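Read off the chains here:
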Amino acid sequence: MTKEEDPTKSELGDCYPPEYCGLKPITEQVRRLNEIFDLNSFWHVPVVEAMTANALRHGLPRGAEGWGVVPSIDALMEKFFPNIRGAEVRYCYAVNLALEMLAEEYSFYNYFRDRLIAENLRRQDISKFLPDQAGCVWLSFPMQFGALRRGASVWEARKALGEKEFGLGVFETACLLLTHPERLMNSPCAIDCIGDEFSTTRNVEADFGSALSFGFSGGRLELFANPSSTYHPAYSAPTGFVI
């Protein structure tokens, strides 16, 4: 197995800040997200235990660093926006909710506040990769936090994805930063959300030629955008894997 296929923390000091010690245990991620989104009525210990057992049973596919956990969009919609319909609109509501929570927890600036709507933000087709959300509160999946897909433009990173690998969007990345803020704190390495497409245009037909990215600058987390063709050696893209 090559370094590119199976990165380790010791090999990736140029990508991950020293404060980042890897993906946290599933139970710890769920507990933190439960506190942030106040999903107490959805907290079921047996379910979380089953998720952990599932992770141990399957192990990690090549390229993955650990298991990531995010709340299901269905669960968030049921609690916060029960009357919102349409997959694209629901996704944007979930994105904005996650970003609001990020702003409450940490110093965070969103350059596109009020513009993350279905007309400007669309999700790539990753539904075939993520677990079925029906009846689920938490979704867990093997992932890597950017080291495997670093030093490439968004377009290049998407083309390089393996057959069972998918790019994470703004929603998944924001939730993972809620549980792993040290991934970006004091780090010059930004995170591209290659699972989403974004249009920066106003009052004209959307071109979706950009991607949103998280970075750390001036002592705060930031959400900004770059053309999908932009190359930066310090940028990286988190991805998930199908088991």
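Peer 1: Looking at this structure, I do not really get the sheet that holds strand 10 (residues 239-241). What am I missing?
Peer 2: Through backbone hydrogen bonds, the strands of a sheet pair up, either in parallel or in antiparallel fashion. The strand order across the open sheet built from four strands is 1-4-10-5, with neighbouring strands paired in antiparallel fashion. In the strand order of this sheet, the two ends are held by strand 1 (66-71) and strand 5 (165-167), each with one partner. The sheet shows a mean angle of 45° between the axes of neighbouring strands, direction not considered. Looking at chain direction, strand 5 and strand 10 are connected through three bridges and run antiparallel. Within strand 10, the residue paired with G167 across the bridge is T239. The sheet contacts of helix 1 (residues 26-37) involve strand 1 and strand 4 (138-144), and relative to strand 1 the element is tilted by about 20°.

Peer 1: Just to check I follow, could you spell out the nonpolar core for this structure?
Peer 2: As a rule of thumb, nonpolar side chains are buried together in soluble globular proteins. Core analysis: the biggest nonpolar cluster contains 60 residues, and F37, L99, F171 and F214 have the highest contact counts within it. With residues up to four places along the chain from it excluded, the contact list for L99 reads F108, N110, L116, V170, A174, F214 and L223. Counting residues in hydrophobic clusters, the runner-up holds five residues, among them A157, I194, A211 and A237.

Peer 1: Even after reading the chapter, I still don't get the pattern of salt bridges, so can you show me in this structure?
Peer 2: Note on pairing: side chains with opposite charge can pair once their charged atoms come close. Here the structure, examined in full by the defined rule, presents nine salt bridges. Linking E182 and K24 is a salt bridge whose minimum nitrogen-to-oxygen distance equals 3.6 Å. Taken together, the residues E182 in the loop between helix 6 (170-179) and strand 6 (191-192) and K24 in the segment before helix 1 connect sequence positions 158 residues apart. K24 gets classed as partly exposed once you look at its relative accessible area, which sits at 24%. The residue R220 makes a salt bridge to E222 at a minimum N-O spacing of 2.8 Å. Owing to a relative accessible area of 27%, R220 belongs among the partly exposed residues under this scheme. A relative accessible area of 10% places E222 in the buried class. Each of R32, E35 and E105 takes part in one network of salt bridges that share partners.

What counts, and where the lines are drawn
- Residues numbered from 1 in each chain as written.
- Predicted model: local features only at pLDDT ≥ 70, side-chain atom pairs only at ≥ 80, totals over all residues.
- Heavy atoms only, no water.
- Pairing = 2+ DSSP bridges.
- Helix = DSSP H or I, 4+ residues; strand = E, 2+ residues; numbered from the N terminus.
- Axes fitted to C-alpha atoms, helices over the stretch in contact; angles between N-to-C directions.
- Contact = heavy atoms within 4.5 Å.
- Core = buried A, V, L, I, M, F, W, Y, C linked by side-chain atoms within 4.5 Å.
- Buried < 20%, exposed > 50% of the residue type's maximum accessible area, 1.4 Å probe, protein only.
- Salt bridge = Lys/Arg side-chain N within 4 Å of Asp/Glu carboxyl O.

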